[in-house]
Amino acid sequence: MIPYGRQDIRQEDVDAVVEVLRSDFLTQGPVVPRFEQAVAGYVGARHAVAVNSATSALHIACLALDLSEGDWLWTSPITFVASANCGLYCGAKVDFVDIDPQTYNLCPEALAAKLKKAEEEGRLPKVLVAVHLCGQPCDMAAIHGLSRRYGFRVIEDASHAIGGKYCGEPIGNGRYSAITVFSFHPVKIITTGEGGMAVTNDDELAERMSLLRSHGITRDPQCMTHEPDGPWYYEQVDLGFNYRMTEMQAALGVSQIERLDAYVARRNELAERYDRLLADLPVTTPWQHPDSYSGRHLYVIRLQIDAIARSHRAVFESLREHGIGVNLHYIPVHLQPWYRQMGFRLGDFPDAERYYAEAISLPLFPLMTEGQQDSVVSALEEALGG
Ligand SMILES: *Cc1c(COP(=O)(O)O)cnc(C)c1O
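Reference entry: report on the structure contained in this document. (Residues numbered from 1 in each chain as written. Predicted model: local features only at pLDDT ≥ 70, side-chain atom pairs only at ≥ 80, totals over all residues. Heavy atoms only, no water.)

1. Here we look at the overall build of the protein chain
And then number 1: When you go through the protein chain residue by residue, the secondary structure sums to 13 helices and 15 strands.
And then number 2: A principal-axis box enclosing the C-alpha atoms of the protein chain has dimensions of 75 × 60 × 35 Å.
And then number 3: The long-range fraction of contacts in the protein chain, counting pairs at least 24 apart against all pairs at least 6 apart in sequence, stands at 72%.
And then number 4: Approximately 16,900 Å² of the protein chain is accessible, and the part contributed by carbon and sulfur atoms is 49%.
And then number 5: Computing the positive centroid from 34 side-chain charges and the negative centroid from 50, the protein chain places the two 3 Å apart. (Helix = DSSP H or I, 4+ residues; strand = E, 2+ residues; numbered from the N terminus. Contact = heavy atoms within 4.5 Å. Areas by Shrake-Rupley, 256 points an atom, 1.4 Å probe, with all protein chains shown as cover. Lys, Arg positive; Asp, Glu negative; His and termini not counted. Charge placed at Lys NZ, Arg CZ, Asp CG, Glu CD.)

See the structure below:
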């Protein structure tokens, strides 16, 4: 089976992790801050807070922005459930903005229209989670403009997008958002096993997120409400969690980020090769906005259903039968049972639903060979009935 994504672990990664295992610290040692500095430096953000997953990063990002009961969080329906669940964790309500049929990211025109209506109804969102689907950045200039006009805060869910650029600048530099979140799950662009990070330029948000990552406990006398009783003293000043990253994970991250540029370059090369190989098939290849340099976490094609004699499901199944580990990113979040029970139904976000009826993620990962890619293309040709 050719998987849709796969990590690249080399001897230097193994050595870096083993070195930590033999050191004094397995958690809360010197390597986590080193990884934080490496990511902050790479993306051009002032602060980085490493955590055990992007899901945790989204949760503490929402809390740092004071999202709570009675508030609204908006995001795209075409994303992993975590981009929406973080709102529910905070007791907020969640709503969605339909996608742009060309980029599959949250559509800025749909957002503008929905905001106008929400303002009239007095239910404007407090937080918008902008998901850079497949690694292609959202229209951040437009989203930023709307956030200033309507007073909501923006979290970039860049789980797919580390190493990418928007208008020539690294995703995560915070020019258009309060906080950006990255995932280091093994299928993502670089990995720490499980792991995530939140980056920001705001001192207070960074401080709040680092507190929340570790039980809301501080050892900094300046953050305490009482005089220390003695050198053992610490204070819990907020209700936090144990969302810490281990030293082993951070060591893997420090080693992986060395190859980030090469990974993204290779992903782009393979994606462009797919574009050429698929040009004459009845599929739509992923359109790239000229402002975008995508991390290319996923290569999603859409079947031109009217030009094909077989169903989406039949094409998908045929690919799997041929050993091609295709996937579908994503089932629209509003159609998940957990969200349907809140009142969402089929028909609410037609562009997202149409995308779901046509999309297939083809295998794409840095170590993929051109031979493997050719096998994917021939299996697809056959699956399409051609
Ligand atoms: C993978 C992913 C997440 C969650 O990442 P974890 O590190 O697995 O918690 C969140 N949002 C998107 C868009 C993702 O793809």
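Structure shown, so let's carry the discussion forward.
2. Considerations on the site of the ligand
And then number 1: As a structural note, the neighbourhood of the ligand is formed by 15 residues, with Thr55, Asp157, His160, Ser183 and Lys188 the closest of them.
And then number 2: One nitrogen or oxygen atom from the side chain of Thr55 is found 2.5 Å from an oxygen atom belonging to the ligand.
And then number 3: Here the ligand, which alone exposes 380 Å², has 93% of that area covered by the protein.
And then number 4: Broken down by secondary-structure element, the contributors of at least two residues to the shell around the ligand are α3 (54–64) and α4 (82–89).
And then number 5: Looking at the shell around the ligand, its residues break down into five nonpolar, eight polar and two charged. (Near = heavy atom within 4 Å. Polar contact = N/O pair within 3.5 Å; in protein donor to acceptor, adjacent residues only side chain to side chain. Nonpolar A, V, L, I, M, F, W, Y, C, P; charged D, E, K, R; others polar.)

3. Here's the deal with the pattern of salt bridges
And then number 1: Taken as a whole, this structure holds 20 salt bridges when the rule is applied.
And then number 2: When the shortest N-O distance is used, the salt bridge between Glu121 and Lys117 registers 3.7 Å. Note that Glu121 and Lys117 are positioned in helix α5 (residues 108–121) at a spacing of four residues, about one turn of the helix.
And then number 3: For Lys117, a relative accessible area of 51% puts it in the exposed group.
And then number 4: A salt bridge links Asp351 to Arg354; its shortest N-O distance comes to 3.0 Å. On the criterion of helical spacing, the pair formed by Asp351 and Arg354 is a turn pair, its members being three residues apart in helix α12 (residues 350–356).
And then number 5: Assessed through its relative accessible area of 23%, Asp351 is described here as partly exposed.
And then number 6: In this structure Arg354 comes out as partly exposed when scored by relative accessible area, which is 44%. (Salt bridge = Lys/Arg side-chain N within 4 Å of Asp/Glu carboxyl O. Buried < 20%, exposed > 50% of the residue type's maximum accessible area, 1.4 Å probe, protein only.)

4. Things to note about the sheet that holds strand β14 (residues 299–303)
And then number 1: Strand order in the open sheet formed by three strands is β12-β14-β15, with antiparallel pairing between adjacent strands. Of all strands in the sheet, those bounded by a partner on one side alone are β12 (283–284) and β15 (359–362).
And then number 2: Pairing analysis gives four bridges linking β14 to β15, with the strands arranged antiparallel. By the bridge assignment, Tyr299 is partnered in β15 with Leu362.
And then number 3: Helix-sheet contacts for helix α10 (residues 312–321) involve β14 and β15, and the interaxial angle to β15 is about 15 degrees. (Pairing = 2+ DSSP bridges. Axes fitted to C-alpha atoms, helices over the stretch in contact; angles between N-to-C directions.)

5. Some points on the sheet that holds strand β6 (residues 165–166)
And then number 1: Read from one edge of the open sheet, three strands run β7-β6-β13, paired in antiparallel fashion. At either margin of the open sheet sits one strand with a lone partner, and together these are β7 (169–170) and β13 (292–293).
And then number 2: Relative to β13, β6 runs antiparallel, the two sharing two bridges. Paired with Lys165 across the two strands is Tyr293, which belongs to β13.

6. Focus on helix α13 (residues 370–383)
And then number 1: Look at α13: 20 Å from first C-alpha to last across 14 residues, which is about the 20 Å you get at 1.5 Å a residue.
And then number 2: Turning to α13, its buried residues number three or more, namely Gln373, Val376, Val377, Ala379, Leu380 and Ala383. Across the axial projection of α13, the buried residues extend over an arc of 165 degrees, all falling on one side.
And then number 3: Lining the buried residues of α13 we find α9 (260–277), β14, α10 and β15. (Expected span 1.5 Å × (residues − 1). Arc of directions from axis to C-beta.)

7. Here we look at unusual backbone geometry
And then number 1: Geometrically, the link from His329 to Tyr330 is a cis peptide bond, its omega value of 10 degrees lying close to zero.
And then number 2: With respect to the helices and strands, Tyr330 occurs in the loop between α10 and α11 (337–340).
And then number 3: Its identity is not glycine, yet His215 carries a phi of approximately 65 degrees, on the positive side.
And then number 4: The residue His215 is located in the loop between α7 (203–213) and β10 (217–218) in this model.
And then number 5: The phi dihedral of Arg296 is positive, around 55 degrees, even though this residue is not glycine.
And then number 6: Tracing the sequence through the fold places Arg296 in the loop between β13 and β14.
And then number 7: Under the relative-accessibility criterion, Arg296 is labelled buried at 3%.

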